[in-house]
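# Tertiary structure, described
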Amino acid sequence: MVDLPIIDVPSPDSGTVTDEAGYSKGTYAFVSLGCPKNLVDSEKMLGSLALDGYSLVSQPDLADFVIVNTCGFIDESRKESKAVIQEMLDLKKSGKTKGVIVAGCLPERVGGTLLDEMPDIDHIVGVFGRDEITRVADRLVGGHREQRELFRPAAVKALDDRARLRITPSHFAYLKISEGCDRTCTFCSIPSMRGKHVTKPIEMVVEEARELVEDGVRELILVAQDTTYYGMDLYGEVRLVQLLQELEKVEGIDWIRLMYLYPVNFTDQLIDTIAASSRVLPYLDMPLQHINSKVLKRMQRRVNRDKTIELVEKLRSRIDNLVLRTTFVVGFPGETDEQFEELNQFVADTRFERMGVFPYSLEPGTPAVKLDGHLPEEVKTARQQKLMQTQQSIAFDFGKSLVDYELDCIIDGPTDTPGVWVGRIFADAPEIDGNVFIESDDLTPGDMVPVTIVEARDYDLVGVLSDDESEDEIVSG
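A brief structural summary. Predicted model only: the values in this text are computed from it and were never measured.

## Details of the sheet that holds strand E4 (residues 99-104)
Strand order across the open sheet formed by 6 strands is E2-E1-E3-E4-E5-E6, with parallel pairing between neighbours. With partners counted over all chains shown, the strands left at the sheet margins are strand E2 (54-56) and strand E6 (149-150), one partner each. Two elements, strand E5 (residues 123-125) and E6, share 2 bridges in a ladder whose sense is parallel. Following the sheet pairing, Ile124 is matched in E6 by Glu149. Sitting on the sheet, helix H1 (residues 36-51) is in contact with strand E1 (26-32), E2, strand E3 (65-70) and E4, with an inclination near 175° to E1.

## Looking at helix H7 (residues 202-214)
Residue pairs three or four apart in sequence face the same way in an α-helix, which turns once every 3.6 residues. The first and last C-alpha atoms of H7 sit 18 Å apart over 13 residues, in line with the 18 Å expected at 1.5 Å per residue. Taken together, the buried positions of H7 are Ile202, Met204, Val205, Val206, Glu208, Ala209, Leu212 and Val213. If you follow the buried residues of H7, they end up packed against strand E7 (172-176), strand E10 (219-223), helix H8 (232-235) and helix H9 (240-247).

## Brief notes about H9
Of all the residues in H9, the buried ones are Leu240, Val241, Leu243, Leu244 and Leu247. Down the axis of H9, the sector holding all buried residues measures 160°, keeping them to one side. Tucked inside the fold, the buried residues of H9 contact E7, H7, E10, strand E11 (255-258), helix H10 (268-276) and strand E12 (280-285).

## Observations concerning the environment of Glu251
Structurally, the position occupied by Glu251 is in the loop between H9 and E11. The class for Glu251 is exposed, based on a relative accessible area of 61%. When the C-alpha positions of Glu251 and Ala209 are compared, they lie 9.8 Å apart, and in sequence the two are 42 residues distant.

## With respect to the pattern of salt bridges
In this structure the tally under the stated criterion is 49 salt bridges. Of the charged contacts in the structure, one is a salt bridge between Arg166 and Asp215, with a shortest N-O distance of 3.1 Å. Residue Arg166 is found in the loop between E6 and E7, and its partner Asp215 is found in the loop between H7 and E10; the two are separated by 49 residues along the sequence. Accessibility expressed as a relative area gives 45% for Asp215, which makes it partly exposed. Via salt bridges that share partners, Asp41, Glu43, Arg130, Asp131, Asp161, Arg164, Lys176, Glu179, Arg194, Lys200 and Glu208 belong to a single interconnected network.

## Here's the deal with the nonpolar core
Core analysis: the largest hydrophobic core is formed by 50 residues, its most contacted members being Leu222, Phe266, Leu284 and Leu315. Residue contributions to this core peak at 6 residues, all from H7. The contacts of Phe266, once residues within four sequence positions are left out, are Thr228, Leu261, Ile271, Ile274, Leu284, Met286, Leu311 and Leu315. Counting 30 residues, the second largest nonpolar core, distinct from the first, contains Phe172, Trp255, Ile438 and Val449.

What counts and how
Residues numbered from 1 in each chain as written. Predicted model: local features only at pLDDT ≥ 70, side-chain atom pairs only at ≥ 80, totals over all residues. Heavy atoms only, no water. Pairing = 2+ DSSP bridges. Helix = DSSP H or I, 4+ residues; strand = E, 2+ residues; numbered from the N terminus. Contact = heavy atoms within 4.5 Å. Axes fitted to C-alpha atoms, helices over the stretch in contact; angles between N-to-C directions. Expected span 1.5 Å × (residues − 1). Buried < 20%, exposed > 50% of the residue type's maximum accessible area, 1.4 Å probe, protein only. Arc of directions from axis to C-beta. Salt bridge = Lys/Arg side-chain N within 4 Å of Asp/Glu carboxyl O. Core = buried A, V, L, I, M, F, W, Y, C linked by side-chain atoms within 4.5 Å.

Structural data, given as structure tokens:
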């Protein structure tokens, strides 16, 4: 049970969260799986349940019911989701909880067949039924077993993510700026689960940002399925630049981090806006997936090798201190040894500071299933390992290059070692990149402090508070 991503109670003094009168409609535990976009959905459901009078507990075996918000992206994530669901069902079978609700991408992906496969699940809720989670909870607590499925059509207007009960540390938050995706990448199942691209209006995003700042947030992490496409459906043109300009006006934000930037619609104006900003970090997460033009065409990525290299070179030349994070898929159907070696050489030459590699996953219902040239799993795994070996030395060299530099560091919290804290610099997104370890007896989560990097330890760094640091120079969150 300790390895599960069970949501902890956000109050250190109580086992449950109730209203001021102490009233509770029932207790529940919550398990959140998947990506940051799914985490925002989890936080929204938690907020709705809290407002409706349900009390969150941190132990499923002490809860009236358990909610599992699932991931259904690839086969591995579906297996993980089902394993967690089964663990919760085992608790139910042993009488330690009364019910299990399964929400999110897995039921959206497989529909009612999930109940056929796991009939002891009490209710399933699709992605776009999340705002009705309290109604589903009411039915479970009330003992209603009929109408166990709740699915709603994909949203035509952006969902409102305000009034969340956040489960990230108080000083950073994910801010979802759109939902769904209009891309037709042949390997991807996201459009079938999340629907078409729907932009959240600028005014709504800014209002949510203000709400988050009032709740202590200093770092906003912008997420979407296709961030650079922001605005196209709503305004008839991409408007990420305008959104960033409005977010920069929100007092209290120190860092704005951009994730999931598709390498199309990356305009010169957007590059200039990032380069000139004091709040938008020179950290860009831009999944490229491959570099060979034929593979990219089979993936239906709508870019090719030349355009990719041109964009990367333009970003490098115009944004100072740029850190590029990307991801690649290896072993795509038909990928030859030569095409993989071309990708490996591209990684060696481009020297991405941050990179992830995934072996191609055959996803039922995606166009790539029908392509010829599917490769054995051992070939895909070997290519993944080789590309990561190429990247490893690059990442380690980047860490070493930061030694002796003074950099702002946001403190995430204490480690298990007394007097040692963990934080991040601009080059590190939470949970996917490295950390900075600092010795101090006088730090607080959310502090932004200048740190001199003194050592690189593989993907992590060791820093010391800068010599000219005084207690009142630490800006506390």
